[in-house]
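Architecture at a glance
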Amino acid sequence: MAYTEANYENAIIELFRHTLGYGYVYAPELARDYANPLYMDELRPALRRINPQLPEAALAEALYKLHHFEGGTLLHKNAQFMDYLQNGVSVNYHDGGEQRAALVHLVDYENVDRNSFTVANQWTIKENSEKRPDLIVFLNGLPVVVFELKSPSREETDVSEAFRQLRNYMHEIPSLFIYNAFLVMSDLATSKAGSITAEEDRFMEWK
């Protein structure tokens, strides 16, 4: 029996679930806004869990900023998100009639158990067109890793085809890649990781 792309996808999901302890979601079973690449059911509680000292007004402002990046290229928006991811989202909010400033952290780097790690498949996104990347890894509801997998049993496809597919996604559903830390392409025999700016020859072997 041929080892299909679906078989490979399921094997990767099982690796995340049972070896790494990630949560798993089959996206078609979720009620969600297909225009929004964020996993809001995980993002909202994560912000509250990581920032227990801050009021809802501060968290709401952080969510607004995560949805509304200032004009510029995808690269500029991705750089802004990376600053948020590493350093927190700077917000201003009103508290009892006074304006206050704070940092809303997206990740708890000291208490790893406070973060949520989830792998999802069939995560539909509608933007310039409708696309469904093979796998997305969410960190606290943020889609930081996108996988494109190709069947190891189909001779006409390989990691180069996966790279072209990722480039197509970046054109058709660019909002997903605002939040991207890295991309992964694999046909089982070869697995490589790279950034949204990397050409195919700059992707490095995933060991």
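These lines cover the structure that appears in this document, whether it is placed above or below. (Residues numbered from 1 in each chain as written. Predicted model: local features only at pLDDT ≥ 70, side-chain atom pairs only at ≥ 80, totals over all residues. Heavy atoms only, no water.)

**Points about the overall build of the chain**
Scanning the chain from terminus to terminus reveals 5 helices and 11 strands. Its C-alpha atoms give the chain a radius of gyration of 18 Å, within 12% of the compact-globule value 17 Å for 207 residues. Referenced to the eigenvectors of the C-alpha coordinate spread, the extents of the chain come out at roughly 65 × 35 × 30 Å. Counting only contacts in the chain whose residues sit at least 6 apart along the sequence, the fraction spanning at least 24 positions is 61%. When the accessible surface of the chain is totalled, it reaches about 10900 Å², and 48% of it is carbon and sulfur. If the 19 positive side-chain charges of the chain are averaged to one point and the 30 negative ones to another, these points end up 2 Å apart. (Helix = DSSP H or I, 4+ residues; strand = E, 2+ residues; numbered from the N terminus. Rg over C-alpha atoms; globule rule 2.2 N^0.38 Å. Contact = heavy atoms within 4.5 Å. Areas by Shrake-Rupley, 256 points an atom, 1.4 Å probe, with all protein chains shown as cover. Lys, Arg positive; Asp, Glu negative; His and termini not counted. Charge placed at Lys NZ, Arg CZ, Asp CG, Glu CD.)

**A word on the sheet that holds strand β4 (residues 117-121)**
Across the sheet, 7 strands lie side by side as β1-β4-β7-β8-β9-β10-β11; this open sheet has mixed pairing. The open sheet terminates on both sides in strands that have one partner only, identified here as β1 (23-26) and β11 (204-205). Sitting on the sheet, helix α1 (residues 5-19) touches β1, β4, β7 (135-139), β8 (142-149), β9 (182-186) and β10 (191-194), and the angle it makes with β8 is about 145°. (Pairing = 2+ DSSP bridges. Axes fitted to C-alpha atoms, helices over the stretch in contact; angles between N-to-C directions.)

**A few points about the pairing of β8**
Buried residues dominate β8, accounting for 8 of its 8 residues. Both β7 and β8 contribute to a ladder of 5 bridges, which runs antiparallel. Its bridge partner lying in β8, F138 is registered against P143. Joining the antiparallel neighbours β7 and β8 is a turn of 2 residues, in which N140 adopts a positive phi near 55°. For β8 and β9, the ladder comprises 5 bridges, and the chain directions are parallel. Bridged to V145 within β9 is F182. (Buried < 20%, exposed > 50% of the residue type's maximum accessible area, 1.4 Å probe, protein only.)

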